[in-house]
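What follows is the residue order along each chain.
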Amino acid sequence: MILLVYPVGEYFYKKRYRMSLEKYHTFLQLKPNIPDSVSDHNLNIFCLGGSTTEFKDKNGRDWPSLTEKVIKERYKIDSIKFYNLGKQWYTTQHSLINYIQNLRKFKPDVLLVMHNINDLLVNADFSRFSNGAFREDYGHFLGPEALMIKYGSLAEFIYNNFKLLWYRPKPFDVDTDYFPGLNSFKRNLTTIIELAKLDGTKVILMTQPNIYKSEMSDKELKSLTMLNKEAIGDGKRWTYNTAFRGIEAYNNAIKEIAILMNVPLIDLDKVVPKNLEYFYDDVHYNSITYDLISSFLADEIIKILQDR
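The notes below deal with the structure included here. (Residues numbered from 1 in each chain as written. Predicted model: local features only at pLDDT ≥ 70, side-chain atom pairs only at ≥ 80, totals over all residues. Heavy atoms only, no water.)

Let's talk about the environment of Lys270
Turning to step 1, where the next piece is worked out: Inspection of the secondary structure puts Lys270 in the loop between β10 (265-266) and α12 (287-306).
Turning to step 2, where the next piece is worked out: By relative accessible area, which is 62% here, Lys270 ends up exposed.
Turning to step 3, where the next piece is worked out: C-alpha of Lys270 to C-alpha of Pro209: the two residues are 61 residues apart in sequence and 7.3 Å apart in space. (Helix = DSSP H or I, 4+ residues; strand = E, 2+ residues; numbered from the N terminus. Buried < 20%, exposed > 50% of the residue type's maximum accessible area, 1.4 Å probe, protein only.)

Considerations on the sheet that holds strand β4 (residues 80-84)
Turning to step 1, where the next piece is worked out: The strand order β4-β3-β5-β7-β10 describes an open sheet built from five strands, whose pairing is parallel. Each edge of the open sheet is held by one strand with a lone partner, namely β4 and β10.
Turning to step 2, where the next piece is worked out: Note: strand β3 (residues 43-49) against β4, five bridges, orientation parallel. Bridge pairing in β4 places Cys47 opposite Asn84.
Turning to step 3, where the next piece is worked out: Sitting on the sheet, helix α11 (residues 240-260) is in contact with β7 (202-206) and β10, with an inclination near 155° to β7. (Pairing = 2+ DSSP bridges. Contact = heavy atoms within 4.5 Å. Axes fitted to C-alpha atoms, helices over the stretch in contact; angles between N-to-C directions.)

A word on α11
Turning to step 1, where the next piece is worked out: Counted at 1.5 Å a residue, the expected span for α11 with its 21 residues is 30 Å, and the 30 Å between its end C-alpha atoms agrees.
Turning to step 2, where the next piece is worked out: Residues of α11 that are buried: Tyr240, Thr242, Ala243, Phe244, Gly246, Ile247, Tyr250, Asn251, Ala253, Ile254, Ile257 and Ala258.
Turning to step 3, where the next piece is worked out: Positioned one or two residues after α11, Asn262 has a phi angle of 55°, which is positive. (Expected span 1.5 Å × (residues − 1).)

Here we look at the packing of aromatic side chains
Turning to step 1, where the next piece is worked out: Under the defined criterion, the tally for this structure stands at ten aromatic pairs.
Turning to step 2, where the next piece is worked out: Relative to Phe141, the ring of Trp89 has its centre 6.5 Å away and its plane inclined at 50°; by these criteria the two rings are tilted. Of the two residues, Trp89 is situated in the loop between β4 and α4 (92-103) and Phe141 in the loop between α5 (117-121) and α6 (146-150); the sequence distance between them amounts to 52 residues.
Turning to step 3, where the next piece is worked out: Using a relative accessible area of 21% as the deciding quantity, one classes Trp89 as partly exposed.
Turning to step 4, where the next piece is worked out: Note on Phe141: relative accessible area 9%, which makes it buried. (Phe/Tyr/Trp six-rings, centres within 6.5 Å; stacked < 30°, edge-to-face > 60°.)

Notes on the nonpolar core
Turning to step 1, where the next piece is worked out: Ranked by size, the top nonpolar core spans 81 residues in total, and within it Trp63, Leu111, Leu112, Leu205, Tyr212, Met226 and Trp238 carry the most contacts.
Turning to step 2, where the next piece is worked out: Top contributing element to this core by residue count: α11, with nine residues.
Turning to step 3, where the next piece is worked out: If sequence neighbours within four positions are ignored, Tyr212 has contacts with Leu224, Met226, Leu227, Tyr240, Ala243, Phe244, Ile247, Lys274 and Asp282. (Core = buried A, V, L, I, M, F, W, Y, C linked by side-chain atoms within 4.5 Å.)

Observations regarding the environment of Leu182
Turning to step 1, where the next piece is worked out: Mapped onto the elements of the fold, Leu182 is located in helix α8 (residues 181-198).
Turning to step 2, where the next piece is worked out: When the C-alpha positions of Leu182 and Tyr250 are compared, they lie 7.0 Å apart, and in sequence the two are 68 residues distant.
Turning to step 3, where the next piece is worked out: In this structure, Leu182 is in contact with Ala249, Tyr250 and Ala253, ignoring residues within four places of it in sequence.

Let's talk about the pairing of strand β5 (residues 110-114)
Both faces of the sheet carry side chains from a regular strand, because those side chains alternate between them.
Turning to step 1, where the next piece is worked out: Here β5 lies mainly inside the structure; five of its five residues are buried.
Turning to step 2, where the next piece is worked out: Neither face of β5 is open: one carries Val110, Leu112 and Met114, the other Leu111 and Val113, and all of them are buried.
Turning to step 3, where the next piece is worked out: Where β3 meets β5, five bridges bridge the pair, whose relative direction is parallel. Across the sheet, residue Gly49 finds its bridge partner in β5, namely Met114.

Listed below in structure tokens is the structure:
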């Protein structure tokens, strides 16, 4: 029976990966979102980031398109266009490569950049998404490729998961405030700004809203995807305090770079209440948050553009 069932299971297991290959990119892991064209008659704003930029709410709304809508309605400005170019899993490294290879040629008027948690996770080089010790070029981090590489066949997948069912040792807690990836993060953000300035493109940095705070309820703690499912592996896991310190450190780095590079900063983290009404995990938003963010961003962006 097993001899009959296994080949069928292997076929569909491999088929799943073949389907995912359609979304695969050799250097960026996942194919980037790229505009077909841009109009010279619009003020073109390119929004860069990870899933917290890319993702839509249950009603199919993302904050870039909502912000554009609010600006047009509130300020009666029709010649403005927001492009949602965020991509799940993307770090500053991905956005830098994508900007150089695909986006810079469009000469956008504004780059609106929000990165944090994906760059932070790269520091957890013991996680199941990593393949060796931390590297400053993020070369150790497999990200969405991890399962494809580590569990290449159905047999490997079954074996590794069966081991966890049979014996799952309690992970060793890693409590640290050392994040070597901060240097890479700062380098990548600074390089994006330098290149954009050469083209006369304005850069606006944003901090990353998140649910992390000094006191968390049990329900809030259970909602944390990065802490409970991603920053864990090889018998180790980050403590809550590590993740809390990390997110704060990366947001503080964004603020520092904004000052050093003399670019506008929107401290979006201070705007969104840190509870499960607004977040469904560490950083991803419920529908109410999209309305809050877009309304706030519309006013802030207009203020910044008027100061040009």
